[in-house]
Amino acid sequence: MAPKKKTSTGPQKRKAGIPKAKANRPAKAKSAAKPVRPAAPKALLFKPEIRVYPTPETLVQEAAHQVMQIAREAVNERGRFVAALSGGSTPKGLFQQLTEEPYKTLIPWSKTYLFWVDERHVPLNHETSNYRMTQEYLLSKAPVPKENIFPATNGSQPVDKAASAYEIKLRKFFGGDSTPKFDLVLLGMGDDGHTASLFPGMPQLNELEKWVVGYFVDTARKERVSLTFPVLNAGRFLLVLVEGEKKEAMVKEVLGGASEPPRYPIQYLRPAGGKLVFALDQAAASCLKK
Ligand code: 6PG
């Protein structure tokens, strides 16, 4: 028996307590109701908001202000600020800003919960660890409670097991099976157009079931653990920081070129309900039309 389709013409506005009078409508001629097919979900387009700042310094100052706003709003609305951070080098400047006044005081660190967008599958103190970089530039100076910090992997088990363990951490924290919604997803862009640890040509780009993947990345010749696009795109605010002339050519491709079909992994960032912002310095954005 096909499940009953609930059709609704939207909430009926009724005066409180006054039942809707039944109009004497002529009986409708019985006709075989045509199955109403739900409209195909609107294909989400890659449509980032682009913010260009004159220098790397203004980029990180503005990004810090934006993170502070997101954090305070999240705590006001939901009692906590949950962020997924990227590694690499770009976030360092932002992290430094966040640990200096006024942000050190303005950000509700005690109600801040930190995860990672991706991680190299190495020990936490390894020189390439994103956790270690975050520890050095942020956690050693911002009073985030230890129990609010959730490293993605410490390199101690096979990488696919590490990914499953991280996914279990996410399920326990967010509770239930609905895709985790981070208040902030902090991202970068590689000069090959990757983001997180989702690299061009890798099948993990198309992972729609798992929240976390762990795999050997040929091009990076490293094992990585990474959130997948369904989780990234469930975020409320996706902030992509891109800095420096080294990224100029890829910025032109990603933001100035075609994105249908997506040619680069970062063009798969299409938050359904959230906001996607690319914050660039002028050096990275010089090829973009004004
Ligand atoms: C990583 C990052 C990665 C990074 C880009 C940009 O683990 O390396 O998460 O996705 O954001 O590679 O790196 P840079 O900020 O160093 O340019």
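About the cut-offs
Residues numbered from 1 in each chain as written. Predicted model: local features only at pLDDT ≥ 70, side-chain atom pairs only at ≥ 80, totals over all residues. Heavy atoms only, no water. Pairing = 2+ DSSP bridges. Helix = DSSP H or I, 4+ residues; strand = E, 2+ residues; numbered from the N terminus. Axes fitted to C-alpha atoms, helices over the stretch in contact; angles between N-to-C directions. Contact = heavy atoms within 4.5 Å. Polar contact = N/O pair within 3.5 Å; in protein donor to acceptor, adjacent residues only side chain to side chain. Near = heavy atom within 4 Å. Areas by Shrake-Rupley, 256 points an atom, 1.4 Å probe, with all protein chains shown as cover. Nonpolar A, V, L, I, M, F, W, Y, C, P; charged D, E, K, R; others polar. Core = buried A, V, L, I, M, F, W, Y, C linked by side-chain atoms within 4.5 Å. Buried < 20%, exposed > 50% of the residue type's maximum accessible area, 1.4 Å probe, protein only. Phe/Tyr/Trp six-rings, centres within 6.5 Å; stacked < 30°, edge-to-face > 60°. Lys NZ or Arg CZ within 6 Å of the ring centre and 35° of its normal.

K.L.:
Just give me the short version of the sheet that holds strand S7 (residues 222-227), but keep the residues and values in it.
P.N.:
Across a sheet, paired strands are connected by hydrogen bonds in the backbone, their directions being either parallel or antiparallel. Strand order in the open sheet formed by three strands is S4-S7-S6, and the pairing between neighbours is antiparallel. What marks the edges here is a single partner per strand, and that holds for strand S4 (118-120) and strand S6 (212-217). Adjacent strand axes in the sheet meet at a mean angle of 20 degrees when their direction is disregarded. Packed onto the sheet, helix H5 (residues 159-174) meets S6 and S7 and runs at close to 160 degrees relative to S6.

K.L.:
How would you summarise the environment of Asp183 if you had to cite specific residues and measurements?
P.N.:
Within the secondary structure, Asp183 sits in the loop between H5 and strand S5 (184-187). Residues Asp183 and Gly235, 52 residues apart in the sequence, show an inter-C-alpha distance of 6.0 Å. Setting aside chain neighbours within four positions, we find Asp183 in contact with Ile70, Ala74, Arg78, Arg80, Phe81, Val82, Arg236 and Phe237. Polar contacts involving the side chain of Asp183 include one to the main-chain amide nitrogen of Val82, which spans 2.8 Å. A distance of 2.9 Å separates polar atoms of two side chains, one belonging to Asp183 and the other to Arg236.

K.L.:
With reference to specific residues and values, describe the site of the ligand.
P.N.:
If you check the shell around the ligand, you find 16 residues, and the closest are Thr90, Asp118, Arg120, Ala196 and Lys247. Contact distances for the ligand include 2.7 Å between an oxygen atom and a side-chain N or O atom of Arg120. Lys247 places a polar side-chain atom, nitrogen or oxygen, 2.6 Å from an oxygen atom of the ligand. Expressed as a share of its isolated accessible area of 410 Å², the protein-covered part of the ligand is 88%. Grouping the amino acids of the shell around the ligand by side-chain chemistry returns two nonpolar, ten polar and four charged.

K.L.:
Describe the side chain of Arg224, and please don't skip the residues or the numbers.
P.N.:
Residue position: Arg224 is located in strand S7. Within polar-contact distance, the side chain of Arg224 engages the side chain of Ser197 at 2.7 Å. Beyond its immediate stretch of four places on either side in the chain, Arg224 contacts Asp118, Glu119, Arg120, His121, Val159, Ala196, Ser197, Phe199, Val213, Gly214, Tyr215 and Val217.

K.L.:
Lay out the nonpolar core with the relevant residues and their values.
P.N.:
Counting residues in hydrophobic clusters, the biggest one holds 86 residues, and the most contacted among them are Leu98, Phe182, Leu232, Leu239 and Phe278. In terms of residues, this core owes the most to one element, helix H1 (residues 56-78), which gives nine residues. Excluding its chain neighbours within four sequence positions, the residues that come into contact with Leu239 are Ala63, Val67, Leu184, Val185, Leu186, Leu187, Val277 and Ala279.

K.L.:
Run through the packing of aromatic side chains, naming residues and quoting values.
P.N.:
A complete count under the given rule lists twelve aromatic pairs for this structure. Relative to Phe173, the ring of Tyr113 has its centre 5.3 Å away and its plane inclined at 50 degrees; by these criteria the two rings are tilted. Of the two residues, Tyr113 sits in strand S3 (residues 112-116) while Phe173 sits in helix H5, which places them 60 residues apart along the sequence. Under the relative-accessibility criterion, Phe173 is labelled buried at 16%. With a centroid separation of 5.3 Å and 25 degrees between ring planes, the pair formed by Phe229 and Tyr268 is classed as stacked. On the criterion of sequence distance, the pair formed by Phe229 in helix H6 (residues 229-232) and Tyr268 in the loop between helix H7 (248-256) and strand S9 (275-281) is long-range, its members being 39 residues apart. Classification of Phe229 as buried rests on a relative accessible area of 5%. You can call Tyr268 partly exposed: its relative accessible area is 26%. Between Arg171 and the ring centre of Trp211, over which it is positioned, the NZ or CZ distance is 3.8 Å.

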